[in-house]
Amino acid sequence: MLKHIVLAGAVATAASAASAQTEMPFALDWKFEGPAAPYTHAVDAGLFEAQGLSVSITEGAGSLDAIPKVATGAFPVGFADINSVMRFLDQNPDAPVMPVMMVYDKPPFAVVGRISQGVSEPADLEGRTLGAPPPDGAWAQFPIFAAENDLDVDAITVEPVGFPTREPVLAQGEVDAVTGFSFSSTLNLIRLGVPEEDISVILMADYGVDLYGNAIIVNTDFAEANPEAVTGFLTAIAQGWQQAIDNPDAAIEALLKRNPAADADLEKRRLQLAIDANVMTEYVGENGMGNIDPERFAAAIEQTKTVYEFQNEPDAAKFFDDSYLPAGDVLMLK
């Protein structure tokens, strides 16, 4: 089991003068691409600074990447797949990590295929080759997707691929489909020259998967010592998303400072795809960003049970804590 580790820098900051800014390095799930723009914008627009925070953002290497970083205290906050956090906490029940703000109310987990290679719907995967990066959040949920769609997984050839080669091998026809986030794999394929009309996006949430997606996670030792800092962080996160919705060009400009090689139009489209499909859902429109529906979360846990054997009886209260969410209208995105 992981030891409870509190960031030394955070402790020192908490003990310093009240006027000092709290250092809160933030571990992303992935690279500086469109969906990360609300966070980079929040830094450049002074939204974190207004909350008394000094936030630096570090790229990640997949939806599972931030979990151990936050659990060990290397980062006080991160962005990760809540379903993978559930399994991590089941295996490490004393680990000081907790999801505290839902961002992808509808998860972008997808199977992205080539229509010209015969992949348009789930059943088409049988008899074909699927490229899947082992640390990929979408791949982690593939067994649920397969079970919900009665797929014969033995009839699917799974080829482990790295994140850098995932879309290239699909573009080159070496695999017939890949697992990934819908907005990432789709636009990466377009960038590689694959005609958009040849790309099929099979969103798992549209095919029986009830799960949530990525959430802001915190080191609970840090959060207990700095509750106001965590609420301030979540406030700035919500403000960053709202301002990215209002002015995506400004948000992408902040992103390009961290990733000058990125294509501005492509990343703006990627951001908009995430906003439209994953963040601004009907539930968020009615209830605001950040929280979860208890009945849906209970159903997601039950669905996870069909493909994962929990070591301990799962308790939703141990997998999500809404007590740090800011009050008022800041979460009401529009």
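Right, let's walk through the structure included here.

Scoring rules and cut-offs
- Residues numbered from 1 in each chain as written.
- Predicted model: local features only at pLDDT ≥ 70, side-chain atom pairs only at ≥ 80, totals over all residues.
- Heavy atoms only, no water.
- Phe/Tyr/Trp six-rings, centres within 6.5 Å; stacked < 30°, edge-to-face > 60°.
- Lys NZ or Arg CZ within 6 Å of the ring centre and 35° of its normal.
- Buried < 20%, exposed > 50% of the residue type's maximum accessible area, 1.4 Å probe, protein only.
- Helix = DSSP H or I, 4+ residues; strand = E, 2+ residues; numbered from the N terminus.
- Contact = heavy atoms within 4.5 Å.
- Polar contact = N/O pair within 3.5 Å; in protein donor to acceptor, adjacent residues only side chain to side chain.
- Pairing = 2+ DSSP bridges.
- Axes fitted to C-alpha atoms, helices over the stretch in contact; angles between N-to-C directions.
- Parallel < 35°, antiparallel > 145°, perpendicular 65-115°, else oblique.
- Nonpolar A, V, L, I, M, F, W, Y, C, P; charged D, E, K, R; others polar.
- Right-handed = clockwise from strand over helix to strand, strands pointing away.

**Quick look at the packing of aromatic side chains**
And step 1. Across all of its chains, the model carries 16 aromatic pairs by this definition.
And step 2. Within the aromatic cluster, the residues linked to one another by ring pairs are F26, Y39, F48, F79, Y104, F109, F181, F183, F233 and W241.
And step 3. One Lys or Arg, K31, reaches over the ring of W30 and ends 4.9 Å from the middle of that ring.
And step 4. Over the aromatic face of Y212 sits the side chain of R296, whose NZ or CZ is 3.7 Å from the ring centroid.

**Quick notes on helix α2 (residues 37-44)**
And step 1. Burial analysis of α2 places six of its eight residues in the buried class, which makes it a mostly covered element.
And step 2. Of the residues making up α2, those classed as buried are A37, P38, Y39, T40, H41 and A42.
And step 3. If you follow the buried residues of α2, they end up packed against β2 (26-27), β4 (57-58), β5 (77-81), α9 (227-246), α10 (248-258) and α11 (264-279).
And step 4. Phi turns positive one or two residues past the end of α2, at G46, with a value near 75 degrees.

**Let's talk about the side chain of Q117**
And step 1. As for its placement among the helices and strands, Q117 is situated in the loop between β7 (109-114) and β8 (129-132).
And step 2. Side chain to side chain, Q117 and D176 meet in a polar contact 2.8 Å long.
And step 3. Sequence-distant contacts of Q117, that is, excluding residues within four places in its chain, are made with R128, L170, G173, V175 and D176.

**Some thoughts on the sheet that holds strand β6 (residues 97-102)**
Within a sheet, adjacent strands bond to each other through the backbone by hydrogen bonds, running parallel or antiparallel.
And step 1. Reading across the sheet, the five strands line up as β4-β2-β5-β12-β6 and stay open at both edges, with mixed pairing between neighbours. Unpaired on one side and paired on the other, β4 and β6 mark the two borders of the sheet.
And step 2. Lying on the sheet, helix α4 (residues 82-91) is in contact with β5, β6 and β12 (214-219); it crosses β5 at an angle near 100 degrees.

**Description of the environment of W30**
And step 1. Structurally, W30 is set in the loop between β2 and α2.
And step 2. The buried category is assigned to W30, whose relative accessible area is 15%.
And step 3. If we ignore the near neighbours within four places in the chain, the residues touching W30 are E59, G60, A61, G62, F163, R166 and S184.

**Structural notes on the side chain of N214**
And step 1. Considering the arrangement of structural elements, one finds N214 in strand β12.
And step 2. Take N214: its relative accessible area is 0%, and that puts it in the buried class.
And step 3. Only 3.1 Å separates the side chain of N214 from the side chain of D29, close enough to count as a polar contact.
And step 4. Excluding residues that lie within four positions of it along the chain, N214 makes contacts with D29, S63, F79, A80, D81, I82, M102, V103, Y104 and F181.

**A short note on the packing of α2 against α10**
And step 1. For the pair α2 and α10, the least separation of the axes is 8 Å and the interaxial angle reads 90 degrees. Between α2 and α10, the angle falls in the class roughly perpendicular. Every residue of α10 that contacts α2 at A37, T40, H41, V43 and D44 is listed here: A250, A251, I252, A254, L255, K257 and R258.
And step 2. Grouping the constituent residues of the contact of α2 with α10 by class yields seven nonpolar, two polar and three charged.

**Overview of the pairing of strand β9 (residues 157-160)**
Moving residue by residue along a regular strand, the side chains alternate between the two faces of the sheet.
And step 1. In the sheet, β8 pairs with β9 via four bridges, with the strands oriented parallel. By the bridge assignment for β9, G131 is matched with E159.
And step 2. For the segment spanning β8, helix α5 (residues 137-148) and β9, crossover handedness is right-handed.

Everything listed here is a matter of geometry and, on its own, says nothing about what the molecule does.
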